[in-house]
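Structural overview
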Amino acid sequence: MVGSGIIREIRSYHLDSDESQDAVVHDFGYKIIIPGLVDTHVHINEPGRTHWEGFHYATRAAAAGGITSLVDMPLNSSPVTTNVAALEAKLRSFKGNGWVDCGFWGGAIPQNIDDLDDLLDAGVLGLKAFTIESGIDEFPEVNAAHLKQVMRKLGKYKLPLLVHAELRDSYTEHNVPETKPIGKSYSRFLASRPKRWENNAIKLLIALASSNNDEGIFTKLHIVHLSSSDALSLIREGKDTGLCISAETCPHYLHLFSEAIPDGNCIFKCCPPIRDSENREHLWNGLAEGTIDFIVSDHSPSPPELKQLESGDLENAWGGISSLQFGLPLSWTEAKNRGFGLSKVVEWMSINPAKFCGLGKRKGRLAPSFDADFVVFDEHAEYVIEEQNILYRHKLSPYIGSRVTGMVEKTFLRGNLVYSNGEIIGSPRGQTLMNQNFS
Ligand SMILES: [Zn+2]
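If you're wondering where the values come from, they're calculated on a predicted model, not measured in any experiment.

To continue, consider the overall build of the protein. The number of helices and strands found in the protein is 11 helices and 16 strands. For the protein, whose C-alpha radius of gyration is 21 Å, the value lies close to the compact-globule estimate of 22 Å for 439 residues. When the 439 residues of the protein are sorted by exposure, 49% land in the buried category. Residue pairs at least 24 apart in sequence account for 76% of intrachain contacts in the protein once pairs closer than 6 positions are excluded.

So, about the sheet that holds strand β5 (residues 67–72). Here we have 3 strands laid out as an open sheet, ordered β4-β5-β6, and parallel in their pairing. Each edge of the open sheet carries a strand with a single partner, namely β4 (37–42) and β6 (101–104). The sheet shows a mean angle of 20° between the axes of neighbouring strands, direction not considered. Across 4 bridges, the pairing between β4 and β5 is parallel. Looking at the pairing, Leu37 lines up with Ile67 of β5.

Our focus in this paragraph is helix α2 (residues 84–94). A turn of α-helix holds 3.6 residues, and therefore any two residues three or four places apart point the same way. For α2, the complete set of buried residues consists of Ala86, Leu87, Lys90, Ser93 and Phe94. On an axial view of α2, the arc spanned by its buried residues comes to 120°, and they lie on one face. Across from the buried face of α2, at angles greater than 90 degrees, the exposed residues are Ala85, Glu88 and Arg92. A positive backbone phi angle near 80° is found at Gly96, which sits one or two residues after α2.

Next up on the list: the nonpolar core. Counting 104 residues, the largest nonpolar core has Ala58, Leu127, Val150, Leu161, Ile202 and Leu205 as its most contacted members. With 7 residues, the top contributor of residues to this core is helix α1 (residues 55–64). Residues within four places of Ala58 in sequence aside, it is in contact with Val42, Ile44, Glu53, Leu324 and Tyr392.

This brings us to the packing of helix α6 (residues 195–214) against helix α7 (residues 232–240). The geometry of α6 relative to α7 is characterised by a closest axis approach of 9 Å and an angle of 15° between their N-to-C directions. In this view, α6 runs roughly parallel relative to α7, as classed from their interaxial angle. In the packing of α6 onto α7, the handedness of the crossing is left-handed. Seen from α6, the contacting residues are Asn199, Ile202, Lys203 and Ile206; seen from α7, they are Leu234, Ile235 and Gly238. Residue classes in the contact of α6 with α7 are distributed as 4 nonpolar, 2 polar and 1 charged.

Glancing now at unusual backbone geometry. With an omega of 0°, the peptide bond running from Glu46 to Pro47 counts as cis. Its place among the elements puts Pro47 in the loop between β4 and α1. At the junction of Ser78 and Pro79, the peptide bond is cis and its omega measures out at 5° in the coordinates. Considering the arrangement of structural elements, one finds Pro79 in the loop between β5 and α2.

Of the residues making up α7, those classed as buried are Leu232, Leu234, Ile235 and Gly238. The buried residues of α7 all sit within an arc of 165° when viewed along its axis, so they share a single face. For α7, the exposed residues set more than 90 degrees away from the buried face come down to Ser233 and Asp240. Downstream of α7 by a residue or two, Gly242 has a phi angle that is positive, lying close to 90°.

Here we take up the sheet that holds strand β3 (residues 32–35). Taken in spatial order, the 5 strands of this open sheet run β3-β13-β14-β15-β16, and their pairing is antiparallel. Each end of this open sheet is capped by a strand with a single partner; those strands are β3 and β16 (423–424). Pairing analysis gives 2 bridges linking strand β15 (residues 416–420) to β16, with the strands arranged antiparallel. Across the sheet, residue Ser420 finds its bridge partner in β16, namely Glu423. Of the strands in this sheet, β14 (403–413), β15 and β16 are in contact with α1, which crosses β15 at around 90°.

Right, let's talk about the pairing of β5 for a bit. In terms of residue burial, β5 counts as a mostly covered element, since 6 of its 6 residues are buried. In the sheet, β5 pairs with β6 via 4 bridges, with the strands oriented parallel. Within the sheet, the bridge partner assigned to Ser69 lies in β6 and is Asp101. As for the winding sense of the linkage, the β-α-β connection from β5 through α2 to β6 is right-handed.

Closest axis-to-axis distance for the helix α4 (residues 144–157)/α6 pair is 10 Å, and the angle between their directions is 45°. Comparing their axes, α6 and α4 come out oblique. Considering only the axes of α4 and α6, their crossing is right-handed. Where α4 approaches α6, its residues Ala144, Leu147, Lys148, Met151, Arg152 and Gly155 are matched on the opposing element by Leu204, Leu205, Leu208, Ala209 and Asn212.

Cut-offs applied
- Residues numbered from 1 in each chain as written.
- Predicted model: local features only at pLDDT ≥ 70, side-chain atom pairs only at ≥ 80, totals over all residues.
- Helix = DSSP H or I, 4+ residues; strand = E, 2+ residues; numbered from the N terminus.
- Rg over C-alpha atoms; globule rule 2.2 N^0.38 Å.
- Buried ≥ 20, exposed ≤ 12 C-beta atoms within 10 Å, placed from the backbone.
- Contact = placed C-beta atoms within 7 Å.
- Pairing = 2+ DSSP bridges.
- Axes fitted to C-alpha atoms, helices over the stretch in contact; angles between N-to-C directions.
- Arc of directions from axis to C-beta.
- Core = buried A, V, L, I, M, F, W, Y, C linked by C-beta atoms within 7 Å.
- Parallel < 35°, antiparallel > 145°, perpendicular 65-115°, else oblique.
- Left-handed = near helix turned anticlockwise from the far one by under 90°.
- Nonpolar A, V, L, I, M, F, W, Y, C, P; charged D, E, K, R; others polar.
- Right-handed = clockwise from strand over helix to strand, strands pointing away.

Below, the structure written as structure tokens:
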């Protein structure tokens, strides 16, 4: 039973019983109903780079993918979300364009560290920082001293610090190794972003968080888009020693693997890179053991010309994978093949990310008092992903031609049908998810 967008009651359904007569009844047959997914890592490039993709296209694709809540990254819009004015610009862009609910991460850069309180007070759900260049000039990386300061600031708010964790090797000017040009070679691209960079960044972050903890400053540290399976033991150790550390990975690291990636096809380029099949299996083990907490898309679209599709130039192509709509079938296909049940996938794609971003009392579960966000899912449907199915702006995907299992048939946002069998329904009813609204 749903009322005013909230789940009021869950009870057995009897076709002939009188007690159901007072409600509109939707009968989904034997299809499974799962909670709407929560994707806490989505790059919506509006305002400023709406031609890359804006709220309209991204949130429609989200609805089609069974995602009812997403959290926007503070780049690659222009301005980047590193101050209150930029957040307000985001909110104006979202208004009337959101087909699903949306929260916002703020950005921490060297230039705004003293002003982060304003951004946090304005309702961002936490802060994102980079330990390596982000690819966007206005969003430079931070160093260890900055990170320590940001962690201290966030401790007061009990909000997470999300980090793109790759750290370049440090060399003296006399000791720079020779590097081969990458060109179209995927193996050279892969070698140019080694696992070691991820491991080193994560080591540094854990050391900083631990030292804050020792000083009694609570630090909630989150590693975004983990690709290096070598870092799993570091994260496990951090968790075991009582550190509040979490990690996410993405469908591209769980589905794709480097041995099958052809040279000169930049559609597969992302950072950190997609690694080999053995690494992929270790990531699945990391999920199974709870070392990796959840799965998010890291949907990062761009216009086709930036992906260097004609030249195949992996060095200069934009790094980012478009996948918002297909995370559930891709993850379910791979999970099922490894013997996991659908309930595990729901835990990884709905329950855990909802809790992580502070929405754990409102999203991620089918239970009384939770938002009536749910998906009618055919767990058995098999099909091939085709370009014509894509609802996001630029129809690029490394998954076109992939056979998957699991079809989102309908998506409901707070009790309203927003997607049904290939069609977006109604009007944009998405609401903003600001920190002060659900604490
Ligand atoms: Zn990202």
